[in-house]
Every structure is written in structure tokens, then in C-alpha cells.
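# Topology and contacts: notes
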Amino acid sequence: QEDQAQGEHLRDAQQVSELQSRCTEWQSRWEDLRTELNQKEQAMQQLAAQHGELEGDLRLAEDGLELHVTRCQELQQELAELDKAGRHRQDEVKKLRDGLEAREAQLERKGAELASAKKEISRLTEDAAAQGARIERLEAALKTAQQYIKGKARPHEQGLDYKQPHAQL
């Protein structure tokens, strides 16, 4: 019975040794898992911090995007206003150009009228000069006739034919 008790004791000791070995193995594995869990928790904390930073960056980017969208809308509005003003100015320029063309046509007509008037003035000036020369001849003939009447001159001495004075005028 002692042998049996010793056998049982040996078996129990072997089981205790196996259990201690398993326990040590499990404890080592548990520590490894605990270390891995701690590393993963730290990684998760780092990821959470990065996530927070990224969320902050995302909010800043969204705010910046909203500012850009708002600025783009403002610029589109300004562009529309400038386009409208440009079209208005184009209309004004067209009106001014049309007015200028009408004025140029009017000036051309006035220029033609002026040229015609100058020609008429030139013709009238020539006629007046001819009339002036005729008047001078008539005055000379009248003076000669008056002197003839008074007996002081003879028309034929002046180169005038008193019978046909109108032919010489």
C-alpha cells in the first residue's frame, strides 16, 4: 500500500508539476496577451488621438472648403455683375458709335453743303467781280457821257463808241 501511496503521490506530484508547468505556460501566455493587449490599447489610443487630429483637420478643411465655396459664389456674383455692366457698356458704346456714325454722316452732308456753298460763293464772287468790272466801265462811260454833255470830252477819244455803249460794257 505504501508503494501504491507512493505511486499516487508520484502521480500527484507529476500532475502538480504538469499543472505548475501549464500554469507557468498559461501565466506566460497571459502576460504575453496582456502585453499585446496593452500595445493594442496604446495603438488604439494613438489611433484615437490621430482620429481626433484628423477630425480637427477635417473640420478645418470643411471650414476652408465652405469659405472657398462662399468666395466662389461671391466671385460668380461679381462676375455676373461685371458681365451685366460690360453688356450695358457695350450697349452704351454701340449707341455712342451709332450716334457718331450719324454725326459723321451729318457732317459729310454739311461738308457737301459747305463745298456747294463755297462753289456758289466762288461763282457769286466771280459774278460780283464781273459785275464790279462792268459797273466800273459803266461808271467810266457815265462819267464820259457826263463830260460829253458838258462839252468837255469826246467819247471816241476815250475809246468809247457813244452810238453803241452797251456793246462795250
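Residues numbered from 1 in each chain as written. Predicted model: local features only at pLDDT ≥ 70, side-chain atom pairs only at ≥ 80, totals over all residues. Heavy atoms only, no water.

### Quick notes on the overall build of the protein chain
This is how it is decided: Strands here mean DSSP runs of E at least two residues long; helices mean DSSP runs of H or I at least four residues long; both are numbered from the N terminus. The classification of residues rests on relative accessible area computed with a 1.4 Å probe and restricted to protein chains. Under 20% of the type maximum is buried, over 50% is exposed, and intermediate values are partly exposed. Under the convention used here, a 1.4 Å probe and the Shrake-Rupley method define accessible areas, while residue burial counts only the protein chains that appear.
Within the protein chain, the secondary structure is distributed over 2 helices and 0 strands. The buried share among the 169 residues of the protein chain stands at 2%. For the protein chain, the exposed area adds up to about 15500 Å²; of that, 53% sits on carbon and sulfur atoms.

### Digging into the pattern of salt bridges
Let me state the cut-off plainly: Here, a salt bridge means any Lys or Arg side-chain nitrogen found within 4 Å of an Asp or Glu carboxyl oxygen.
Evaluation of the coordinates by the stated rule reveals 8 salt bridges. Arg59 is the partner of Glu55 in a salt bridge, and the nearest nitrogen-oxygen pair spans 4.0 Å. In this pair, Glu55 and Arg59 are both assigned in helix 1 (residues 2–149), 4 residues apart and thus about one turn of the helix distant. Residue classification places Glu55 among the partly exposed positions, given a relative accessible area of 36%. Notably, a salt bridge pairs Glu78 with Arg71, separated by 3.6 Å at the nearest N-O pair. A relative accessible area of 38% places Arg71 in the partly exposed class. Where salt bridges share partners, they join Arg71, Glu74 and Glu78 into one cluster.

### A word on helix 1
Put simply, the rule reads: In this analysis, the expected span of each helix is defined as 1.5 Å times one less than the number of residues it contains.
With 148 residues, helix 1 extends 207 Å between its outermost C-alpha atoms, agreeing within 8% with the 220 Å of an ideal straight helix rising 1.5 Å per residue. Gly151 sits one or two positions beyond helix 1 and adopts a positive phi of about 85°.

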